[in-house]
There are 2 protein chains.
Amino acid sequence: MKGIKRLAQHLDISIGTVSRALNGKPDVNEETRKRVLDAAAKLGYAPNQAGRSLRRGTTNAIGFMIETNEETEANSDNFFLGVIAGLTGALLRHNLDLVVLPCSVNEDPHDYLQRIVARRLVDAVIISATQREDRRIDLLKAAHVPFIALGRTGGPDEHAWIDLDFEGVAHEAVARLVARGHKQIAVAIPDTDINLGYVFRDAFIDALARHGLTVDPSFIIRARSSEHGGYTIGNAILAMEDRPTAVVLVYEMMAIGLYRRLNEAGLTPGQDLAIVGFREGPQSQFLSPALTCFRMSLRDLGIGLAEGLLATMPDYADLYPAGPMHKLWPMELVEGESDGMVIDR
Amino acid sequence: MKGIKRLAQHLDISIGTVSRALNGKPDVNEETRKRVLDAAAKLGYAPNQAGRSLRRGTTNAIGFMIETNEETEANSDNFFLGVIAGLTGALLRHNLDLVVLPCSVNEDPHDYLQRIVARRLVDAVIISATQREDRRIDLLKAAHVPFIALGRTGGPDEHAWIDLDFEGVAHEAVARLVARGHKQIAVAIPDTDINLGYVFRDAFIDALARHGLTVDPSFIIRARSSEHGGYTIGNAILAMEDRPTAVVLVYEMMAIGLYRRLNEAGLTPGQDLAIVGFREGPQSQFLSPALTCFRMSLRDLGIGLAEGLLATMPDYADLYPAGPMHKLWPMELVEGESDGMVIDR
DNA sequence: AGTGTCGCCAAAAACGTTTACGAAGCCCTA
DNA sequence: TAGGGCTTCGTAAACGTTTTTGGCGACACT
């Protein structure tokens, strides 16, 4: 005899009453409830999650879907991992379990998520790396699974999402570079289909336009979001006849690779090429010369995601402001020495 | 009508047969199986996890227990997060789900784990930050839950574990420092009850003894495993009348704080104080002067843990070598400039 | 005294799946 | 023709909960 049945037999009351006592239902004598609670604590009873999930139709877990590529090179995984730290903390307060949903690059994210939903493994999900048209969103809507997206899509966004404030960053970065005399400004965006690239590119073009500048198409450089990607950005720039005097990098790791490439060419970041980057983690903290970058706390971002997600879940919605969250996550400029004045050549 | 029942009705066969067909049981006509498989794919059917878990008594998930402190300062979380990246990849191959089990610092890890086990939330667990006497191990053994520990305990270790090769590191670090003329060597260990601290301290003392050196008790410095902890190590050393000429740091972040403290005092790492550190992540990659450190791949460590854990699970044991894994994880020395020759003062 | 109302609890159904068991049909052999 | 073995499938029980339903007694009110 196991589980609640054992507990009930031990107390000589019915399992229904035990269940109601443990779940705080009103129609149970307070003295009985106390007996049940004491016995449960003493015997170390906790309800079997499968049984509870089956009956309740709810799993008490939320999923965080990330893409994992098997390549050995360090990639943007670090980004998601930092977010997980914030998520666990926030979900712990509500006794929600976090299950990591790693989608292999070999599989269609939509199909992967479809299987997760069909299995009813989680009550709600966080999707990341949103694409311009992301079928996962239609899937989740149709299945009535609460969700929040980390990243905008191209379409109308009635659902909850949080995205980095790429427009704000682009404008601030461009304004700063223009003030320092730069006119030939390049931007590096990821080479995948992730919507982030399009958003940042457009924000960048718009920011330049505000200063009366147009962008040379070759100055929009697509690269992997890794250190190696940064290295290839260096290659691309060095190969240009008419080089940009400044470049804005959308991933932290890119800066590291670009520094390396410049150093190999005997050039100095911030002197021969102005660089403005992002900083999600501590990686670029000790680059020399110090990287001028936009910084964010991944942990806080994780907490924000948890709150935005909970707000979309019927059982928790009353704790949070109504309506799906649409939030542009602000970033803070950290002044370094990598975005120097333009030098006549 | 939902789930397997719907599928069965749609095909006009019994749910039992459908289930057997999907699970590859032998007693089902191959043509029938094909019909079932096709229909399942077309309708996007996947078995409800709660129902399956309840019946099978197995959840298809493994848990990774970590401790999360709510403090804002970046702590060793980064260590665990890196491991998660490796875990997800390895578990993905076996279609196992990973659930993160964050234990609040306010709660007894044993009680927390006890609840997880009672809920039967996961089939197996990875525990980390093992203590010298860790009651979680007795709990898991008694409950017959397969597990692997990241970190040794003080007791007899019949169970599976992986730990960093602290002995090897201590010996290599000390030998290197002694060869450079250092005789007054300090070590920094965590200020918590985690077993790692004792292991490293003992290995350190033993390594010194091999070179005929004894250790000044004040040279065993306890500090938090964070950047701030490294800063306090600097304070402690600077306050000593008879300072060590070298120090070995057991956490990556410590080096960053110690560098900062030394710089504030107008001292140069590697010149006024030799430093040997650890490097789990990319944090200290760009410290100047470059940190001499022992490096490891957290991702590989995660993969190793997954394999060690699977070997203890009856359903997977045949894929892996028999017997619980006891592994000292090797680390690789990265030569920097922070462990210079001793200078007469 | 009859009728509601309330507090408390037992009984039983339901959630979706897997699997033990047995039955039906068929072929083959004695 | 009886019986045995094989293949294939349907039936039903079981997993551990939660929740609905209803019942019993006590009490209050008319």
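The residue numbering used here restarts from 1 in each chain and proceeds along that chain's sequence as written. Note on labels: chains are lettered from A, ligands numbered from 1, in written order. Whole-chain, interface and lining totals are the exception, using all residues; otherwise, since this is a predicted model, local features are given only for residues with pLDDT of at least 70 and side-chain atom pairs are given and counted only at 80 or more. Side-chain figures throughout are based on the complete set of non-hydrogen atoms in the structure, without hydrogens or water.

Named according to an unreviewed UniProt entry, chain A is LacI family transcriptional regulator originating from Devosia nitrariae.

1. Focus: the UniProt feature "domain: HTH lacI-type" (unreviewed entry) in chain A
Listed under "domain: HTH lacI-type" (unreviewed entry) in the UniProt record, and renumbered for this structure, are residues 2-56 of chain A. Between the C-alpha atoms that bound residues 2-56 of chain A the distance is 20 Å, and the span itself is 71% helix and 0% strand. UniProt positions are given in the numbering used here, feature names are shortened, and annotations may be inferred rather than shown by experiment. The secondary structure listing takes helices from DSSP runs of H or I that are at least 4 residues long and strands from runs of E that are at least 2 residues long, numbered from the N terminus.

2. Observations regarding helix 7 (residues 135-142) of chain A
Because an α-helix completes one turn every 3.6 residues, residues spaced three or four positions apart along the sequence face the same direction. Residue and element names in this part refer to chain A. Along helix 7, the residues that are buried comprise Arg136, Ile137, Leu139 and Leu140. Taken down its axis, helix 7 places every buried residue within 160 degrees of arc, on the same side. The outward face of helix 7, more than 90 degrees from its buried face, is lined by the exposed residues Asp138 and Ala142. Tucked inside the fold, the buried residues of helix 7 contact strand 1 (61-68), helix 6 (109-119), strand 3 (124-128) and strand 4 (147-150). Positive phi shows up at His144, right after helix 7, with a value of about 55 degrees. The rule is simple: take the accessible area with a 1.4 Å probe, protein chains only, and divide by the maximum for that residue type; under 20% is buried, over 50% is exposed, in between is partly exposed. Here the arc refers to the set of directions running from the helix axis out to each C-beta atom. Two residues qualify as a contact provided that any one of their heavy atoms is within 4.5 Å of a heavy atom in the partner residue.

3. A word on the relation of the copies chain A and chain B
Between chain A and chain B, which share one sequence, the superposing operator has a rotation angle of 180 degrees and an axial displacement of 0.0 Å; the RMSD is 0.1 Å. The symmetry that links the two subunits is that of a two-fold axis. Most of the interface of chain A is mirrored in chain B, where 100% of its interface residues are also at the interface. We place the copies in one frame by least squares, fitting the C-alpha atoms of every residue whose pLDDT is at least 70 in both.

4. A closer look at the packing of helix 6 (residues 109-119) of chain B against helix 7 (residues 135-142) of chain B
Residues and elements named next belong to chain B. Geometry is summarised by axes, namely lines fitted to C-alpha atoms with helices restricted to the contacting stretch, and by angles between N-to-C directions that run from 0 to 180 degrees. Two numbers describe how helix 6 lies on helix 7: the axes approach to 9 Å, and their chain directions differ by 20 degrees. With respect to their mutual orientation, helix 6 and helix 7 come out roughly parallel. The hand of the helix 6/helix 7 crossing is right-handed. Along the contact surface, helix 6 presents Pro109, His110, Leu113, Gln114 and Val117, while helix 7 presents Arg135, Arg136, Leu139 and Leu140. Just so you know how the angles are binned, under 35 degrees is roughly parallel, over 145 roughly antiparallel, 65 to 115 roughly perpendicular, and the rest oblique. Each crossing gets its handedness from the near helix: less than a right angle anticlockwise from the far helix is left-handed, clockwise is right-handed.

5. Describing the protein's contact with DNA strand C
Residues and elements named next belong to chain B. Around DNA strand C, a shell composed of 26 residues is seen, among which Ile4, Ser19, Lys25, Tyr45 and Arg55 lie nearest. Each atom of DNA strand C within 4 Å of the protein was classed as base or backbone; sugar and phosphate made up 62%. Here a phosphate oxygen of DNA strand C and a backbone polar atom of Ile4 are 2.5 Å apart. Note that Gly is not counted as nonpolar here; it falls among the polar residues with everything else outside the nonpolar set of Ala, Val, Leu, Ile, Met, Phe, Trp, Tyr, Cys and Pro and the charged set of Asp, Glu, Lys and Arg. Here the surface near DNA strand C is built from residues that sort into seven nonpolar, ten polar and nine charged. Whether a residue is near a molecule or strand depends on its heavy atoms: if one lies within 4 Å, it is near. Polar contact is the term for a pair of N or O atoms within 3.5 Å; when the atoms are in protein, one must be able to donate a hydrogen and the other to accept it, and sequence-neighboring residues count only if both atoms are side-chain atoms.

6. Here we look at the sheet that holds strand 10 (residues 292-295) of chain A
All names here are of chain A. DSSP calls a pair of strands paired once it identifies at least 2 bridges connecting them. Pairing is mixed in the open sheet, where six strands are placed in the order 7-6-8-9-10-12. Every interior strand has two partners, whereas the edge strands, strand 7 (220-223) and strand 12 (332-334), have only one. Taking the axes of each pair of neighbouring strands and ignoring which way they run, one obtains an average angle of 20 degrees across the sheet. Pairing of strand 9 (residues 274-279) with strand 10 involves four bridges; the strand directions are parallel. Paired with Arg279 across the two strands is Arg295, which belongs to strand 10. Each of strand 6 (185-190), strand 7, strand 8 (246-249) and strand 9 is contacted by helix 9 (residues 195-210), which is oriented at about 165 degrees to strand 6, the strand it contacts most. Across the face of the sheet, helix 11 (residues 252-264) comes into contact with strand 6, strand 7, strand 8 and strand 9 while running at roughly 150 degrees to strand 9.

7. Some words on the pattern of salt bridges
All names here are of chain A. The term salt bridge refers to a pairing of a side-chain nitrogen on Lys or Arg with a carboxyl oxygen on Asp or Glu at a separation within 4 Å. Taken as a whole and assessed by the stated rule, the structure comprises 36 salt bridges over all chains. Salt-bridge contacts for Glu227 lead to Arg260; the nearest nitrogen and oxygen are separated by 3.2 Å. Here Arg260 lies in helix 11 and Glu227 lies in helix 10 (residues 227-238), a separation of 33 residues in the sequence. Since its relative accessible area comes to 36%, Arg260 is described here as partly exposed. When salt bridges with common partners are traced through the structure, they connect Arg176, Arg180, Glu335 and Asp339 into a single cluster.

8. Re the interface of chain A and chain B
Counting residues at the interface gives 43 residues for chain A, matched by 43 residues for chain B. Summing both sides of the interface, chain A and chain B together bury roughly 3,700 Å²; the carbon and sulfur share of this comes to 59%. Summed over the shared surface of chain A and chain B, the number is two salt bridges. Asp97(B) is the partner of Arg119(A) in a salt bridge, and the nearest nitrogen-oxygen pair spans 2.8 Å. Among the secondary structure elements, those contributing two or more residues to the side of chain A that touches chain B are helix 4 (49-56), helix 5 (77-92), strand 2 (97-104) and helix 6 of chain A. Grouping the amino acids of the side of chain A that touches chain B by side-chain chemistry returns 18 nonpolar, 15 polar and ten charged. Two strands pair when backbone bridges link them, and strand 2 of chain A and strand 2 (residues 97-104) of chain B are joined in this way by three bridges, in the antiparallel orientation. Residue pairing in the sheet places Leu98(A) in a bridge with Val100(B) of strand 2 of chain B. Here the quantity called buried area is the total loss of accessible area, with a 1.4 Å probe, experienced by two parts when brought into contact, counted for both.

9. Section: the pairing of strand 10 (residues 292-295) of chain B
Judged from the three bridges that link them, strand 10 of chain B and strand 12 (residues 332-334) of chain B form a sheet pairing that is antiparallel. Looking at strand 12 of chain B, one finds that Cys293(B) is bridged to Val334(B).

10. Some points on the nonpolar core
Take the buried Ala, Val, Leu, Ile, Met, Phe, Trp, Tyr and Cys residues and link them wherever side-chain atoms come within 4.5 Å; each set so joined is a nonpolar core. In terms of nonpolar packing, the biggest core is built from 169 residues, with Phe200(A) and Phe200(B) touching the most fellow members. Sequence-distant contacts of Phe200(B), defined by excluding residues within four places in its chain, comprise Phe166(B), Val169(B), Ala170(B), Val187(B), Ile189(B), Val248(B), Val250(B) and Phe278(B). Formed by 40 residues, the second largest nonpolar core is a distinct cluster that contains Ala61(A), Met65(B), Leu121(B) and Val122(B).

11. Side note on helix 11 (residues 252-264) of chain B
Residue and element names in this part refer to chain B. With ten of 13 residues buried, helix 11 is to be regarded as a mostly interior element. Along helix 11, the residues classified as buried are Glu252, Met253, Met254, Ala255, Ile256, Gly257, Leu258, Tyr259, Arg261 and Leu262. Contact partners of the buried residues in helix 11: strand 6 (185-190), strand 7 (220-223), helix 10 (227-238), strand 8 (246-249) and strand 9 (274-279). Looking one or two residues beyond helix 11, the residue adopting positive phi is Gly266, at roughly 75 degrees.

12. Some details on the domain arrangement of chain A
Under the domain assignment used here, chain A contains domain 1 (3-47), domain 2 (61-163 + 299-329) and domain 3 (166-296). Relative placement of domain 1 of chain A and domain 3 of chain A: their C-alpha centres are 62 Å apart. Delimitation of the domains relies on an automatic or database domain assignment.

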